[in-house]
Amino acid sequence: MSTLSELINLTLEDHTDSIIAEYLWVGGSGIDIRSKARTLPGPVKSPSELPKWNYDGSSTGQAPGEDSEVILYPQAIFKDPFRRGNNILVVCDCYTPAGVPIPTNKRAAAAKIFSHPEVDKEETWFGIEQEYTLLQKEVKWPLGWPLNGYPGPQGPYYCGTGADKAWGRDIVNAHYKACLYAGIQISGINGEVMPGQWEYQVGPSVGISAGDQLWASRYILERITEIAGVVLSLDPKPIEGDWNGAGCHTNYSTKTMREEGGYAEIKTAIEKLGKRHKEHIAAYGEGNERRLTGKHETASINKFSWGVANRGCSVRVGRDTEADGKGYFEDRRPASNMDPYIVTSMIAETTILLK
């Protein structure tokens, strides 16, 4: 008699050409990820080979019950680290049957910005630092923290090692390898300042692919925490008080910024960001006002600032960029629950298309 584990791990390639495609999309809250699977007759190499699909939008808060069909358009594919073999994950965006993007589809508008000739020629690079907090399932309290209590103050936990400093490392490492397997450009991981909080980085990725990869990486992390019986939180300030919040710092450069003399373009771009500070803050994630207080390595939400190597600013320029006279900068304002399609396309729009 086969065990459940043996059945889950069956290898399909020896018995059928069929594959399983897990279609992923952003749900009605704008931060939840939904998915469902279908069988396809054989391996695929491009999203253009995949059929559109549909789902009940009235059950995800994305359509009324009397007209509930929402159409999934495949946009990006990744190898499935859970089923493995030729099976795939499919990042989709969502449309009405008439082909109109639904309100929670932020990818469609971002794709228009990234396909603009002026943006496209600049080959925008993004490196996104996704911070997150692991919570105990039954009590929604950070992993490793004593029930109804607190660990020692911040200091030993950032990039820390040891059973009294790093909680959840197996989850973090499993996610790291799963993303690499999937083909996501995950570039690193580290423990964060608040215990039970971690970070991974995706990029450098070009244009719209940055958003596709971050959403796919979030899905994989959600699945791994599901297996581990731990809750994933993207709340930008999960614990009030003298504890760091969680952000999604977004590193950015254009072709012009990366070329000789690019530092002047970097300063011009930062100046443009300052002029649209309120608009960016409004789009950079829910609850960000609890995080951007001017404390805990953040700038005040009410005032735009930038500086070299200053983590207390809205935008940070690295020492290497200043010394080299070219490179990139880091927008430190986005919250951990931000939509990467909104943030990346807005940065590109403001810095390139705003005159």
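Looking up the chain in an unreviewed UniProt entry gives the name Glutamine synthetase, with the organism given as Riccia sorocarpa. Note on the chain: under the UniProt heading Catalytic activity (unreviewed entry), the record states "L-glutamate + NH4(+) + ATP = L-glutamine + ADP + phosphate + H(+)".

## Section: the overall build of the chain
Summing up its helical and strand segments, the chain has 10 helices and 13 strands in all. Computed over the C-alpha atoms, the radius of gyration of the chain is 21 Å, within 12% of the 20 Å expected from 2.2 N^0.38 for a compact globule of 355 residues. The C-alpha extent of the chain, read off along each of the three principal axes, is 60 × 55 × 40 Å. Once local pairs closer than 6 in sequence are excluded, the contacts in the chain between residues at least 24 apart make up 65%. When the accessible surface of the chain is summed, it comes to about 16,400 Å², and 52% of that surface belongs to carbon and sulfur atoms. Across the chain, the mean location of the 38 positive side-chain charges is 3 Å away from that of the 45 negative side-chain charges.

## Points about the UniProt feature "domain: GS catalytic" (unreviewed entry) in the chain
Cross-referencing UniProt, the feature "domain: GS catalytic" (unreviewed entry) maps to residues 106-355 in the present numbering. Annotated as residues 106-355, this span is 37% helix and 18% strand, and its ends, taken at the C-alpha atoms, are 24 Å apart.

## Side note on the packing of helix α5 (residues 209-228) against helix α10 (residues 340-353)
Contact geometry of α5 with α10 gives a least axis separation of 8 Å together with a crossing angle of 155°. Accordingly, the angle class assigned to the pair α5 and α10 is roughly antiparallel. You can see that α5 and α10 cross each other, and the crossing is right-handed. Contacts from A210, G211, D212, L214, W215 and R218 in α5 reach P340, Y341 and T344 in α10. Tallied by class, the residues present in the contact of α5 with α10 amount to 5 nonpolar, 2 polar and 2 charged.

## Structural notes on helix α7 (residues 262-275)
Residue pairs three or four apart in sequence face the same way in an α-helix, which turns once every 3.6 residues. Along its 14 residues, α7 runs 20 Å from first to last C-alpha, staying within 8% of the 20 Å computed at 1.5 Å per residue. Taken together, the buried positions of α7 are G262, Y263, I266, A269, I270, K272 and L273.

## A closer look at the nonpolar core
Formed by 57 residues in total, the largest nonpolar core has its most connected members in F78, Y132, I184, I220, Y252 and F329. Among the elements that take part in this core, α5 stands out by supplying 8 residues, more than any other. Not counting residues within four places of it along the chain, the set of residues in contact with I220 comprises P81, F82, L89, H175, A178, C179, A182 and I184. Membership of the second largest hydrophobic core comes to 17 residues, among which are A21, L40, L72 and C92.

Criteria and thresholds
In every chain, residue numbers begin from 1 and rise along the written sequence. Local features in a predicted model are, by the rule used here, given only for residues with pLDDT of at least 70; side-chain atom pairs are given and counted only at 80 or more, and totals for whole chains, interfaces and linings are based on all residues. Computation of side-chain values covers all heavy atoms of the structure but excludes hydrogens and water. UniProt positions are given in the numbering used here, feature names are shortened, and annotations may be inferred rather than shown by experiment. Segments assigned H or I by DSSP are reported as helices when at least four residues long, segments assigned E as strands when at least two residues long, and all are numbered from the N terminus. Computation of the radius of gyration draws on C-alpha atoms, with the globule rule given as 2.2 Å multiplied by the number of residues to the power 0.38. By definition in these notes, contact holds between two residues if any of their heavy atoms fall within 4.5 Å. In these tables, accessible area is a Shrake-Rupley quantity obtained with a 1.4 Å probe, and a residue counts as shielded only by the protein chains included in the view. Neither His nor the chain termini are counted; the positive set is Lys and Arg, and the negative set is Asp and Glu. By convention, the charge on Lys lies at NZ, on Arg at CZ, on Asp at CG and on Glu at CD. Axis lines are fitted to C-alpha atoms, over the contacting stretch for helices. Their N-to-C directions set the angle, which ranges from 0 to 180 degrees. Working rule for angles: under 35 degrees goes down as roughly parallel, over 145 as roughly antiparallel, 65 to 115 as roughly perpendicular, anything else as oblique. Whether a crossing is left-handed or right-handed is set by the direction in which the near helix is turned from the far one by less than a right angle, anticlockwise for left-handed and clockwise for right-handed. Any residue outside Ala, Val, Leu, Ile, Met, Phe, Trp, Tyr, Cys, Pro, Asp, Glu, Lys and Arg is labelled polar, Gly included; the first ten of those are nonpolar and the last four are charged. Helix span is expected to be 1.5 Å times the residue number reduced by one. The buried label goes to any residue with under 20% of its type's maximum accessible area, the exposed label to any with over 50%, and the partly exposed label to all in between, with areas taken from a 1.4 Å probe on protein chains only. Only buried residues count toward a nonpolar core. Its members are Ala, Val, Leu, Ile, Met, Phe, Trp, Tyr and Cys residues joined through side-chain atoms within 4.5 Å.

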